[in-house]
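# Reading the structure
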Number of protein chains: 2
Amino acid sequence: MSIVRKPFIFRQFYESMTSTYTYLIGCEKTRQAIIIDPVLETVDRDSKYIREMDLNLLYGINTHVHADHITGTSELRKLFPKMKSVLSPYSGGSADMFLDYDQPLKVGDLTFSFLSTPGHTNGCTTIVSDDLEACFTGDTLLIRGCGRTDFQGGSAEKLYRSITEKIFKLPDHYKVYPGHDYNGVHNSTIKEEKLFNPRLTRSLEQFIEIMNNLHLDHPKQIDRAVPANLKDGIIDNNRS
Amino acid sequence: MSIVRKPFIFRQFYESMTSTYTYLIGCEKTRQAIIIDPVLETVDRDSKYIREMDLNLLYGINTHVHADHITGTSELRKLFPKMKSVLSPYSGGSADMFLDYDQPLKVGDLTFSFLSTPGHTNGCTTIVSDDLEACFTGDTLLIRGCGRTDFQGGSAEKLYRSITEKIFKLPDHYKVYPGHDYNGVHNSTIKEEKLFNPRLTRSLEQFIEIMNNLHLDHPKQIDRAVPANLKDGIIDNNRS
């Protein structure tokens, strides 16, 4: 039996101010595409690639309501009017469409399925692609780390269960593409994170203690980013 | 016929000061590994991953004598004494071993072959992995760009021929992993660069004109980096 892989387009982009990764994924045959976690500041760059590659951008998916940057979905929709912004129904935010955890999303020949992985926020979602043998974990699972759990409905216990009971059940060789990395590392694998993630190789109790004692600074953009991202990245200037 | 892919370990790292990409590639079965274009400043990070993944680092390959950063091969060899530094015989620099353009390098179950791709410097090399369906182009081919040709024996004509007559003959779907990117884009494909690289979609004559009129600044670290990199990254403090 020959294994025929569906040809796909894949680009990982980086926004240096907030260390955010954005992913552009397309079906090579039909040119249908999605973008995951676009950033407002890099809409020009991202849209250049979408145009060059002649992609039909169908969905702009935010893995969650971000606190550290403003999503580019609102601006991208102006440039690509067919694009629907997509968010978890558990996020509390608005979007053109809410993702369905029971129903995979078809994008040309590619299929994306979704895991509800709360803990960093209630609406956090991990996007799984069997075609790419990869998952896009947003801020839930980071490389050798994980998202913080001290605001926006965060819960260390929920995060631990989301990662260990859902994400870590994916095949060992699946690539992990996170929402951020602060150390210049671009991707990992399920196996590596199971073995080497210093937080997730602990017990639930130890994990909760670690997360309760991180003493992190308040995210710089939170007061501007969260209200905007709850509205799909639309900035309400009357608020400021 | 079933296609059995050889399982491999792959990590793309980023050094933000010089926008350099470093690649760590290993054979999953034997744990033998290579590192491509390590940077002195990130030896701690890179060695942590090498140790965590229990890799037997055999080769530290520099795609060329860098002018913008000091290679980490000399420091890495102190930490991993079995590692041999590798460089092109056309580079004019010293190394533990010179690569053989006629002879693929075996690293566990993985095989790496080499293309001599002069133009940015005389010793520039593109590393090809059929197992990863990828090439590592150093500063020869960058994403939507290419390396400069105005110093260190650079030649716009040689660079154009290296890319169009050698790199662009690789399969269209092969991933292109460059030595740098200044725009937050991590990889490309041969097909995309053939179609969209604004410099390489021109004639040789147009390309030479573009390259002769870039008016780039002198690389900040060149006076320190080139002498050190000619000696495998060993800094001669008597010089300064």
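Residues numbered from 1 in each chain as written. Chains lettered and ligands numbered in written order. Predicted model: local features only at pLDDT ≥ 70, side-chain atom pairs only at ≥ 80, totals over all residues. Heavy atoms only, no water.

## Some words on the overall build of chain A
Within chain A, the regular secondary structure consists of six helices and 14 strands. Rg of the C-alpha trace for chain A: 17 Å, near the compact-globule value of 18 Å for 240 residues, within the 12% margin. Overall, chain A is about 60 × 50 × 35 Å in size when its C-alpha atoms are taken along their principal axes. Counting every position in chain A, which comprises 240 residues, the buried fraction comes to 59%. Taking as baseline every contact in chain A between residues at least 6 positions apart, the subset at least 24 positions apart corresponds to 63%. Carbon and sulfur atoms provide 51% of the accessible area of chain A, an area that totals close to 10200 Å². Here chain A contributes 28 positive and 31 negative side-chain charges, whose respective centroids are spaced 3 Å apart. (Helix = DSSP H or I, 4+ residues; strand = E, 2+ residues; numbered from the N terminus. Rg over C-alpha atoms; globule rule 2.2 N^0.38 Å. Buried < 20%, exposed > 50% of the residue type's maximum accessible area, 1.4 Å probe, protein only. Contact = heavy atoms within 4.5 Å. Areas by Shrake-Rupley, 256 points an atom, 1.4 Å probe, with all protein chains shown as cover. Lys, Arg positive; Asp, Glu negative; His and termini not counted. Charge placed at Lys NZ, Arg CZ, Asp CG, Glu CD.)

## A few points about the packing of helix H3 (residues 156-165) of chain A against helix H5 (residues 204-212) of chain A
All names here are of chain A. At a minimum axis distance of 9 Å, the contact between H3 and H5 shows a crossing angle of 130 degrees. Between H3 and H5, the angle falls in the class oblique. Once H3 is placed against H5, the crossing between them reads as right-handed. Contact residues: H3 offers Ala156, Glu157, Leu159, Tyr160 and Arg161, while H5 offers Leu204, Phe207, Ile208 and Met211. Tallied by class, residues from the contact of H3 with H5 come to seven nonpolar, no polar and two charged. (Axes fitted to C-alpha atoms, helices over the stretch in contact; angles between N-to-C directions. Parallel < 35°, antiparallel > 145°, perpendicular 65-115°, else oblique. Left-handed = near helix turned anticlockwise from the far one by under 90°. Nonpolar A, V, L, I, M, F, W, Y, C, P; charged D, E, K, R; others polar.)

## Points about the UniProt feature "domain: Metallo-beta-lactamase" (unreviewed entry) in chain A
This chain's UniProt record puts "domain: Metallo-beta-lactamase" (unreviewed entry) on residues 19-180 of chain A. In this annotation, residues 19-180 of chain A is assigned 17% helix and 33% strand; the end-to-end C-alpha distance for the span is 6 Å. (UniProt positions renumbered as here; feature names shortened; annotations may be inferred.)

## Structural notes on the relation of the copies chain A and chain B
Rotating chain A by 180 degrees and moving it 0.0 Å along the rotation axis overlays it on chain B with an RMSD of 0.0 Å. Within this description, the copies of the chain are treated as partners about a two-fold rotation axis. Of the interface residues in chain A, 100% have counterparts in chain B that sit at the interface too, so the contact is made through matching surfaces. (Least-squares fit on C-alpha atoms with pLDDT ≥ 70 in both.)

## Describing helix H1 (residues 43-52) of chain A
Within an α-helix, residues lying three or four positions from one another point in the same direction, as the helix has 3.6 residues per turn. Those residues of H1(A) not exposed but buried are Val43(A), Arg45(A), Asp46(A), Ser47(A), Tyr49(A) and Ile50(A). Here the buried face of H1(A) lies against strand E1 (8-15), strand E2 (20-27), strand E3 (32-36), strand E4 (56-61) and helix H2 (73-79) of chain A together with helix H4 (190-196) of chain B. Within two residues after H1(A), Asp54(A) carries a phi angle of roughly 55 degrees, on the positive side.

## A short note on the sheet that holds strand E6 (residues 97-98) of chain A
All names here are of chain A. Spatially, the six strands line up as an open sheet ordered E1-E2-E3-E4-E5-E6, and their pairing is mixed. Edge positions in the sheet fall to E1 and E6, since each has one partner strand and no second. Here E3 pairs with E4 via five bridges, running parallel. Considered in E4, the bridge of Ile34 is made with Tyr59. H1 contacts E1, E2, E3 and E4 of the sheet and is inclined by roughly 165 degrees relative to E1. (Pairing = 2+ DSSP bridges.)

## Observations regarding the environment of Asp223(A)
Tracing the backbone shows Asp223(A) in helix H6 (residues 222-230). For Asp223(A), a relative accessible area of 58% puts it in the exposed group.

## Examining the interface of chain A and chain B
Tallying the contact residues gives 28 residues for chain A and 28 residues for chain B. Together chain A and chain B conceal approximately 2300 Å² of surface at their shared face, both sides included; 45% is due to carbon and sulfur atoms. Three residues stand out in chain A for area buried against chain B, namely Arg11(A), Glu52(A) and His186(A), and they jointly supply 22% of the buried area on that side. The interface formed by chain A and chain B contains six salt bridges. Of the charged contacts, one joins Glu28(B) and Lys191(A) as a salt bridge, the two residues approaching to 3.1 Å between their closest N and O atoms. Elements with a minimum of two residues in the side of chain A that touches chain B: E1, H1, strand E14 (188-189) and helix H4 (190-196) of chain A. By residue number, the principal contributor to the side of chain A that touches chain B is E1(A), which donates five residues. Tallied by class, residues from the side of chain A that touches chain B come to eleven nonpolar, eight polar and nine charged. (Buried area = accessible area lost by both parts, 1.4 Å probe. Salt bridge = Lys/Arg side-chain N within 4 Å of Asp/Glu carboxyl O.)

## Section: empty space enclosed by the protein
Residue and element names in this part refer to chain A. All told, the structure shown has two cavities of 30 Å³ or more when counted by the stated rule. Within this model, the largest cavity holds a volume of roughly 50 Å³. Among the elements that take part in the lining of the largest cavity, strand E5 (residues 84-87) stands out by supplying three residues, more than any other. The class makeup of the residues in the lining of the largest cavity is four nonpolar, five polar and one charged. (1 Å grid on protein atoms, 1.4 Å probe; cavity = no way out; pocket = protein on both sides within 12 Å on 5 of 7 lines; lining within 4 Å. Points joined across faces, edges and corners; volume = space filled by probe spheres on them.)

## A word on the pattern of salt bridges
In a structure, side chains of opposite charge can pair up when their charged atoms sit close to one another. All names here are of chain A. A complete count under the given rule lists 32 salt bridges over all chains for this structure. Residue Glu52 is joined to Lys48 by a salt bridge in which the shortest nitrogen-to-oxygen separation is 3.7 Å. Remark: Lys48 and Glu52 occur in helix H1; sequence separation between them is four residues, near one turn of the helix. Judged by its relative accessible area of 21%, Glu52 is partly exposed. Linking Arg144 and Glu192 is a salt bridge whose minimum nitrogen-to-oxygen distance equals 2.7 Å. Here Arg144 is found in the loop between strand E11 (141-142) and strand E12 (145-146), whereas its partner Glu192 is found in helix H4, with 48 residues between them in sequence.

## What about the state of the cysteines?
Residue and element names in this part refer to chain A. Summed over all chains, the structure comprises zero disulfides over all chains. For the unlinked cysteine Cys124, the closest cysteine sulfur is that of Cys146, found at 11 Å. Look at Cys124 and you get buried, because its relative accessible area is 1%. (Disulfide = S-S within 2.5 Å.)

## Comments concerning the sheet that holds strand E10 (residues 134-138) of chain A
As a general point, the strands of a sheet are linked pairwise by backbone hydrogen bonds and lie either parallel or antiparallel. Pairing is mixed across the open sheet formed by six strands, whose spatial order is E7-E8-E9-E10-E13-E14 (chain A). Edge strands, defined here as strands with exactly one partner in the open sheet, are strand E7 (105-107) and E14 of chain A.

## Observations regarding the pairing of strand E8 (residues 110-116) of chain B
In the case of a regular strand, side chains alternate between the two sheet surfaces. All names here are of chain B. Only one face of E8 is covered, namely the face carrying Leu110, Phe112, Phe114 and Ser116; the face carrying Thr111, Ser113 and Leu115 is uncovered. Where strand E7 (residues 105-107) meets E8, three bridges bridge the pair, whose relative direction is antiparallel. In the sheet register, Lys106 faces E8, and the bridge partner there is Thr111. Connecting E7 to the antiparallel partner E8 that follows it, the hairpin turn spans two residues, and Gly108 within it adopts a positive phi of roughly 60 degrees. Of the strand pairs in this sheet, E8 and strand E9 (residues 125-129) are connected by four bridges, and their pairing is antiparallel. Across the sheet, the residue bridging to Ser116 is Thr125, located in E9.

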